[in-house]
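Examining the three-dimensional arrangement
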Amino acid sequence: MPRANFTTISEFTLEGFSSFGWKHQLILFVIFLILYLLTLASNALILTLIYLNRQLHTPMYFFLSVLSISETCYTVAIIPRMLTGLLHPYQPITIPGCATQLFFYLTFGVNNCFLLTAMGYDRYVAICNPLRYSVIMGKTTCAQLAGGSWSMGLGTAIIQVPSVFSLPFCNVSIISHFFCDIRPLLKLACADTTIKELVTLIIGLGVIVLPMVLVFISYVLIFSTILKIASAEGRWKAFATCVSHLTVVIIHYGCTSFVYLKPKSQNSLEDRLISVIYTVITPLLNPVVYSLRNKEIKDALRRALAWKPIS
């Protein structure tokens, strides 16, 4: 059979939110810029408070500081180009540039998933094995859990990025998204992507469902332990140490699961709007939730501002 005529492309164009009117794009630009700056500022504040306060040099805050660094890098990889696209729609991005963005997006995104799992394990040990907490969650264990999270993110990116960009991209070059993501890229390939989609699904199950299951098991054990506490005050104090983490986990895994584990969708705009939640809102929500719900962080902030702690 004669081969079809294809024109190989050398760059992509991010569609972003170009289907919106100019006024709406300008409004989105202002909103996303404010959220982006707040994310950078709040994560920097948390890192500074943890660094300056020896009382916060514990496993829980070690993981929180690593998460803040990862979330910052995650947003830096995505949001600046999205903001540029809102002011100048249909900005081209080279294939190497697109591959680089996808690499960092996967590295830090998957790292965040496993860091939340490590934080869930930390809460499990703190509540279910309080007497052995300092022994189990030593510096070596914390470093291994954090290093393992980074390794999972890096490994996922090393597998996925070459897999996606080994495909030929022909004729259509417009990515129906505001950043380079796997599914929109696979739609542009002028070759059979069945195997690639299967690999992506399997990896998605590994990096999203597996951490979710581990966190779920941790909280089943945590809640069973909390229910055994005799006093209501004791039960609430134990549960209060988990509220911030549990809130972040529900939002983070809920959004990523909906986008990556649902069947193929033809509504790319809906996918983009959902993606805004876990690329723009969730990275800001993490430090805000931990700051507002955490007495130790608030006390550290008061001391840094020379306020007296509220009794």
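Residues numbered from 1 in each chain as written. Predicted model: local features only at pLDDT ≥ 70, side-chain atom pairs only at ≥ 80, totals over all residues. Heavy atoms only, no water.

With that settled, the discussion passes to the packing of aromatic side chains. Applying the stated criterion across every chain yields a total of 16 aromatic pairs. For the ring pair Tyr121 and Tyr124, a centre distance of 6.1 Å and an interplane angle of 35 degrees mean the geometry is tilted. Here the residue Tyr121 and the residue Tyr124 both occupy positions in helix H3 (residues 95-128), the gap between them amounting to three residues, near one helical turn. An aromatic cluster of three or more residues is present, and its members are Phe17, Phe20, Phe32, Tyr74, Tyr105, Phe178 and Phe179. (Phe/Tyr/Trp six-rings, centres within 6.5 Å; stacked < 30°, edge-to-face > 60°. Helix = DSSP H or I, 4+ residues; strand = E, 2+ residues; numbered from the N terminus.)

Inspection of the secondary structure assignment puts His245 in helix H8 (residues 232-260). Among the polar contacts made by the side chain of His245, one reaches the main-chain carbonyl oxygen of Leu116 at a distance of 2.7 Å. Polar contacts involving the side chain of His245 include one to the side chain of Tyr219, which spans 2.7 Å. Contact partners of His245, with chain neighbours within four places excluded, come to Leu116, Met119, Gly120, Val215, Tyr219 and Tyr290. (Polar contact = N/O pair within 3.5 Å; in protein donor to acceptor, adjacent residues only side chain to side chain. Contact = heavy atoms within 4.5 Å.)

Unlike most non-glycine residues, Tyr90 shows phi in positive territory, near 60 degrees. Note that Tyr90 resides in the loop between helix H2 (59-87) and strand E2 (92-94).

On to empty space enclosed by the protein, then. Under the definition given, this model contains two cavities of 30 Å³ or more. Estimated volume of the largest cavity: approximately 120 Å³. Lining the largest cavity are 14 residues, with Leu14, Gly16, Met82, Gly85 and Leu86 positioned closest to its centre. Take the lining of the largest cavity: its biggest share by element is five residues, from H2. Class assignment of the residues belonging to the lining of the largest cavity gives a composition of six nonpolar, six polar and two charged. By volume, the second largest cavity amounts to about 60 Å³. In this structure, the second largest cavity is lined by Met60, Met119, Asp122, Arg123, Thr241, Ser244, His245 and Tyr290. Those elements that place two or more of their residues in the lining of the second largest cavity are H3 and H8. Looking at side-chain class alone, the lining of the second largest cavity contains three nonpolar, three polar and two charged residues. (1 Å grid on protein atoms, 1.4 Å probe; cavity = no way out; pocket = protein on both sides within 12 Å on 5 of 7 lines; lining within 4 Å. Points joined across faces, edges and corners; volume = space filled by probe spheres on them. Nonpolar A, V, L, I, M, F, W, Y, C, P; charged D, E, K, R; others polar.)

This part covers the state of the cysteines. Scanning the model with the defined rule gives two disulfides in all. Note on cysteine connectivity: Cys98 is disulfide-linked to Cys180, with sulfurs 2.0 Å apart. Handedness of the Cys98-Cys180 disulfide follows from its S-S torsion of about -130 degrees: it is left-handed. With Cys98 in helix H3 and Cys180 in the loop between strand E3 (174-175) and helix H6 (182-188), this residue pair connects regions lying 82 residues apart in the sequence. Assigned by exposure class, Cys98 and Cys180 land together as buried. Between the sulfur of Cys170 and that of Cys190 lies a disulfide, 2.1 Å long from S to S. Of this pair, Cys170 sits in the loop between helix H5 (139-165) and E3 while Cys190 sits in the loop between H6 and helix H7 (194-226), placing them 20 residues apart in sequence. The buried category is assigned to Cys170, whose relative accessible area is 9%. Cysteine pairing for the protein, with bonded cysteines counted in sequence order: 1-3, 2-4. Free cysteine Cys128: the closest other cysteine sulfur is in Cys242, separated by 8.7 Å. (Disulfide = S-S within 2.5 Å. Buried < 20%, exposed > 50% of the residue type's maximum accessible area, 1.4 Å probe, protein only.)

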